[in-house]
Structure formats: structure tokens, C-alpha cells
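Okay, here's what each chain looks like letter by letter:
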Amino acid sequence: MIDFFNNLSAQYQSYDTYLIVLEAIATFFGIISVYYSIKKNIWVYPTGIISTVLFIYIMFVFGLLGDMLINVYYTVMSIYGWILWRQNTNDNVHINVEKASPKDWKNAIVLFVGSLVFVGLIYYYKPFIDNNFSMENVKLGLYHLDWANYMDIVTTSLFLVGMFLMAKRIVENWIFWIVADLICIPMMLYKGLGITSLQYFVFTFMATVGYIEWLKTWKNQNKNEEQVD
């Protein structure tokens, strides 16, 4: 444990102070956002937007294109989800939840595969992007990727599906968050983002709690509907 915190401290010695502050703020609001999502509280979206906008910049600086793109997507989907949740709440705060239908699973698979292809193409053209969009002395391909970049492609796709299903108020959204969060713990630590790695450790626990809570809510909803019938 001591070695972990020593390594964590060493990683941040070379970072600009403002980046450390931004990462800490983004992490704080990210955790608050997940808490609100567990509670099925619409405040998940305004707090989440603050976190994702900050992470767009942070991931751009660290060259994690997949995570940068997913935070752009998060911001857009947060607005979309905010609208959907407002339309499906009686108190303007809390919402009911649903289990995934065959159509939802089909959409999730299509989105996951499409995301893998899209983010993979972004990395394929990364040498061109890094060269100020010039092909001079540039070799396209995936030769420049390490294991974290490949995992970034996978987690990005998982997160995209999770965010989509959350906007739809579907219980199974948490399964995608849990798997992706577990992968991100070592990936972010490898990339030197220790605070973010700790965030994903917390997220894994919170996502597990979220799945249990949403599933319990869905069962209670069904029980109440049966009693009404």
C-alpha cells in the first residue's frame, strides 16, 4: 500500500498543478454523479456534465482519444438523458426503471460493435492527427498502440452502451459500467492517472451497488403493479 501511494505521488510530480486540480474536481463530481444515478436522481446529469467536460480536456492532454471521445459522448448523452428522465418522473427528481427488452439488447450490441470500429479508426488515424492533420512522414496503422490503448477501445465501447442504457432507465446499464470500470483501474494507473484510477475503483463498488438497487426497485415496481391489478 505504501509503495502504491509513493508511486502515485511520483507520477504527479511532473504534472502541472492545474491538471492535478482539474482531475481532482472532475473525479469529485464524477463520484457525486454516480451516487445520484444509484439513487435514480435526475441530478446525475448536471453533476455528470461538469465531470465529463473537464475530462474531455484532461484526456486530450494525456492522449487518451477513446476516453476523450467517450466524455464528449457522455456530455451529449447527459443532455439527452436529462430530457428523457424529466419526461418519466412524477416529482421531477426520481424515475422508474425497466429491464432490457430483446430490442434493447440488439441496440446495445449494434452500438458496442459500431463503437469498437469507430474508436479503432480514430486510433488508426492517430499518427495523422498528432501530425497536425498532415500525412507528411506519417505511417497509418495500429502499430503505435500499447495494451492500454487497446483496452481503451474496449472500455470506450462498454461505456457508450452503459450510458445509452442509463438514459433509457434500463437496469442492465450497470453491468457494462462494472466491467469497464474494472478494466480502467489498471489502465489509468499505467497511464499515470492515479487519482482517476482510484476513482474507477470506487466506481466499481458504486456500480455494483447501483445494479442491486435498480434491480430491487424494478422488483418492487412489478410487485406494486401486480397488487394494483
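Shown above is the structure to which this text applies.
A short tour of the structure in this document, coming up. These figures come from a predicted structure and were not determined experimentally. (Residues numbered from 1 in each chain as written. Predicted model: local features only at pLDDT ≥ 70, side-chain atom pairs only at ≥ 80, totals over all residues. Heavy atoms only, no water.)

1. Observations concerning the packing of helix α5 (residues 102-124) against helix α7 (residues 147-167)
- In the contact formed by α5 and α7, the axes pass within 8 Å of each other and the chain directions differ by 145 degrees. Once α5 is placed against α7, the crossing between them reads as right-handed. Between α5 and α7, the contacting residues are Asp104, Asn107, Ala108, Leu111, Phe112, Ser115, Leu116, Val119, Gly120 and Tyr123 on the first element and Asn149, Asp152, Ile153, Val154, Thr156, Ser157, Leu158, Leu160, Val161, Phe164 and Leu165 on the second.
- For the contact of α5 with α7, the per-class residue count stands at 13 nonpolar, 6 polar and 2 charged. (Axes fitted to C-alpha atoms, helices over the stretch in contact; angles between N-to-C directions. Helix = DSSP H or I, 4+ residues; strand = E, 2+ residues; numbered from the N terminus. Left-handed = near helix turned anticlockwise from the far one by under 90°. Contact = heavy atoms within 4.5 Å. Nonpolar A, V, L, I, M, F, W, Y, C, P; charged D, E, K, R; others polar.)

2. Some details on a nonpolar patch on the surface
- Taken together, Ile109, Val113, Val117, Leu121, Tyr124, Tyr125, Leu142 and Tyr150 make up a surface patch of nonpolar side chains, about 710 Å² in accessible area.
- Considering every element that reaches the nonpolar patch, the biggest residue donor is α5, with 5 residues.
- Relative to the helices and strands, Val117 resides in helix α5. (Patch = residues over 30% accessible without salt bridge, like charges linked within 9 Å, V, L, I, M, F, W, Y side chains within 5 Å. Areas by Shrake-Rupley, 256 points an atom, 1.4 Å probe, with all protein chains shown as cover. Salt bridge = Lys/Arg side-chain N within 4 Å of Asp/Glu carboxyl O.)

3. Details of the pattern of salt bridges
- One pass over the structure, following the stated rule, counts 3 salt bridges.
- Taking the shortest distance from any N to any O, the salt bridge between Arg169 and Glu98 comes out at 3.5 Å. Here the residue Arg169 occupies a position in the loop between α7 and α8 (173-190), and Glu98 occupies one in the loop between α4 (65-87) and α5, the gap between them amounting to 71 residues.
- A salt bridge links Lys216 to Glu213; the shortest N-O distance between them is 3.8 Å. In this pair, Lys216 and Glu213 are both assigned in helix α9 (residues 194-228), 3 residues apart and thus about one turn of the helix distant.
- The partly exposed category is assigned to Glu213, whose relative accessible area is 28%. (Buried < 20%, exposed > 50% of the residue type's maximum accessible area, 1.4 Å probe, protein only.)

4. Brief notes about the packing of helix α2 (residues 17-38) against helix α3 (residues 44-61)
- Two numbers describe how α2 lies on α3: the axes approach to 8 Å, and their chain directions differ by 145 degrees. Note on packing geometry: the crossing formed by α2 with α3 is left-handed.
- For the contact of α2 with α3, the residue count by class is 15 nonpolar, 7 polar and 1 charged.

5. So, α3
- With 18 residues, α3 extends 26 Å between its outermost C-alpha atoms, agreeing within 8% with the 26 Å of an ideal straight helix rising 1.5 Å per residue.
- For α3, the full list of buried residues reads Val44, Tyr45, Pro46, Thr47, Gly48, Ile49, Ser51, Thr52, Leu54, Phe55, Ile58 and Met59.
- Count one or two residues on from α3 and you reach Gly63, which has phi positive near 75 degrees. (Expected span 1.5 Å × (residues − 1).)

6. Points about empty space enclosed by the protein
- Enumeration over the complete set of coordinates arrives at 1 cavity of 30 Å³ or more.
- Computed from the structure, the largest cavity encloses a volume of approximately 380 Å³.
- What lines the largest cavity is a set of 26 residues, among which Gly30, Val34, Tyr74, Trp177 and Phe203 lie closest to the centre.
- Mapped onto the lining of the largest cavity, the elements with two or more residues apiece are α2, α3, α4, α7, α8 and α9.
- In terms of residues, the lining of the largest cavity owes the most to one element, α3, which gives 7 residues. (1 Å grid on protein atoms, 1.4 Å probe; cavity = no way out; pocket = protein on both sides within 12 Å on 5 of 7 lines; lining within 4 Å. Points joined across faces, edges and corners; volume = space filled by probe spheres on them.)

7. Considering the packing of aromatic side chains
- All chains considered together, the criterion is met by 14 aromatic pairs.
- Here a set of aromatic residues connected by ring pairs shows up, and it is made of Tyr74, Phe159, Trp177, Tyr200 and Phe203.
- Across from the ring centre of Trp218, 5.6 Å away, lies the NZ or CZ of Lys99, which sits over that ring. (Phe/Tyr/Trp six-rings, centres within 6.5 Å; stacked < 30°, edge-to-face > 60°. Lys NZ or Arg CZ within 6 Å of the ring centre and 35° of its normal.)

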